[in-house]
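# Descriptive structure summary
For reference, the chains in residue letters:
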Amino acid sequence: QVQLVESGGELVQPGGSLRLSCAASGRTNSIVVMGWFRQAPGKEREFLARIIWGGIDAYYADSVKGRFTISGDNAKKTVYLQMNSLTPEDTAVYYCATSRFLAPVQRGLFEHWGQGTQVTVSS
């Protein structure tokens, strides 16, 4: 099993930035890809970005391309999501997840999930 713990979510003003972290533990040698999702109240969980474990080959959803950056630190077993130019529409619970597949975007292709971290963008 893989355990994931997200952190870094908080209240931020519109136009601000945040960096989320996701620390992995357990059977991390089974991880192929790490991804970030978010879920706003009343909405489906939305794919944001993924990266091959080891910090290469990042891929983004169109909704965040150019504003969000995913990166990884294999030595720390941690993946990050740098979020810039935040708007109230970015308010959601943000989750990280692992996948055994090389190019997953569907929620069902990710098998381990963290508990989520709340990001609120408001003035």
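Our subject in this report is the structure included herewith. Since this is a predicted model, take the numbers as computed values, not measurements.

Helix and strand content of the protein: 0 helices and 11 strands. Computed over the C-alpha atoms, the radius of gyration of the protein is 13 Å, within 12% of the 14 Å expected from 2.2 N^0.38 for a compact globule of 123 residues. With the C-alpha coordinates aligned to their principal axes, the bounding extent of the protein is approximately 40 × 25 × 25 Å. With 123 residues in all, the protein has 44% of them scored as buried. Partitioning the contacts of the protein with sequence separation of at least 6, the portion at a separation of at least 24 is 57%. Total accessible area on the protein stands at roughly 6200 Å², and carbon and sulfur atoms take up 49% of it. The protein carries 12 positive and 10 negative side-chain charges, and their two centres are separated by 5 Å.

Bringing the sheet that holds strand β3 (residues 18-26) into the picture now. Strand order in this open sheet of 4 strands is β1-β3-β8-β7, and the pairing throughout is antiparallel. Sheet topology places β1 (2-7) and β7 (68-73) at the edges, where each strand pairs with a single neighbour. Between one strand axis and the next, the sheet turns by 20° as a mean value, whatever way the strands run. In this sheet, strand β8 (residues 78-83) lies alongside β7 in antiparallel orientation, the contact comprising 6 bridges. The partner of aspartate 73 across the bridge, within β8, is threonine 78.

Moving on: the state of the cysteines. What the rule picks out here adds up to 1 disulfide. The partner cysteine of cysteine 22 in its disulfide is cysteine 96, sulfur to sulfur 2.0 Å. Judged by the sign of its S-S torsion, about 60°, the cystine formed by cysteine 22 and cysteine 96 is right-handed. Within this pair, whereas cysteine 22 is found in strand β3, its partner cysteine 96 is found in strand β9 (residues 92-99), the two being separated by 74 residues in sequence. For the pair cysteine 22 and cysteine 96, a shared accessibility class is recorded, and that class is buried.

Of all hydrophobic cores here, the largest spans 28 residues; its most connected members are Trp36, Leu81, Met83 and Tyr94. Mapped by element, the contributors of at least two residues to this core are β1, β3, β4 (33-39), β5 (46-52), β7, β8, β9 and β11 (117-121). Element by element, the count of residues in this core is highest for β3, at 4 residues. Sequence-distant contacts of tyrosine 94, that is, excluding residues within four places in its chain, are made with Glu6, Leu20, Trp36, Phe37, Arg38, Leu48, Phe68, Leu81, Met83, Gly116, Thr117 and Val119. Counting residues in hydrophobic clusters, the runner-up holds 7 residues, among them Val33, Phe37, Ile52 and Ala97.

About the thresholds
- Residues numbered from 1 in each chain as written.
- Predicted model: local features only at pLDDT ≥ 70, side-chain atom pairs only at ≥ 80, totals over all residues.
- Heavy atoms only, no water.
- Helix = DSSP H or I, 4+ residues; strand = E, 2+ residues; numbered from the N terminus.
- Rg over C-alpha atoms; globule rule 2.2 N^0.38 Å.
- Buried < 20%, exposed > 50% of the residue type's maximum accessible area, 1.4 Å probe, protein only.
- Contact = heavy atoms within 4.5 Å.
- Areas by Shrake-Rupley, 256 points an atom, 1.4 Å probe, with all protein chains shown as cover.
- Lys, Arg positive; Asp, Glu negative; His and termini not counted.
- Charge placed at Lys NZ, Arg CZ, Asp CG, Glu CD.
- Pairing = 2+ DSSP bridges.
- Axes fitted to C-alpha atoms, helices over the stretch in contact; angles between N-to-C directions.
- Disulfide = S-S within 2.5 Å.
- Core = buried A, V, L, I, M, F, W, Y, C linked by side-chain atoms within 4.5 Å.

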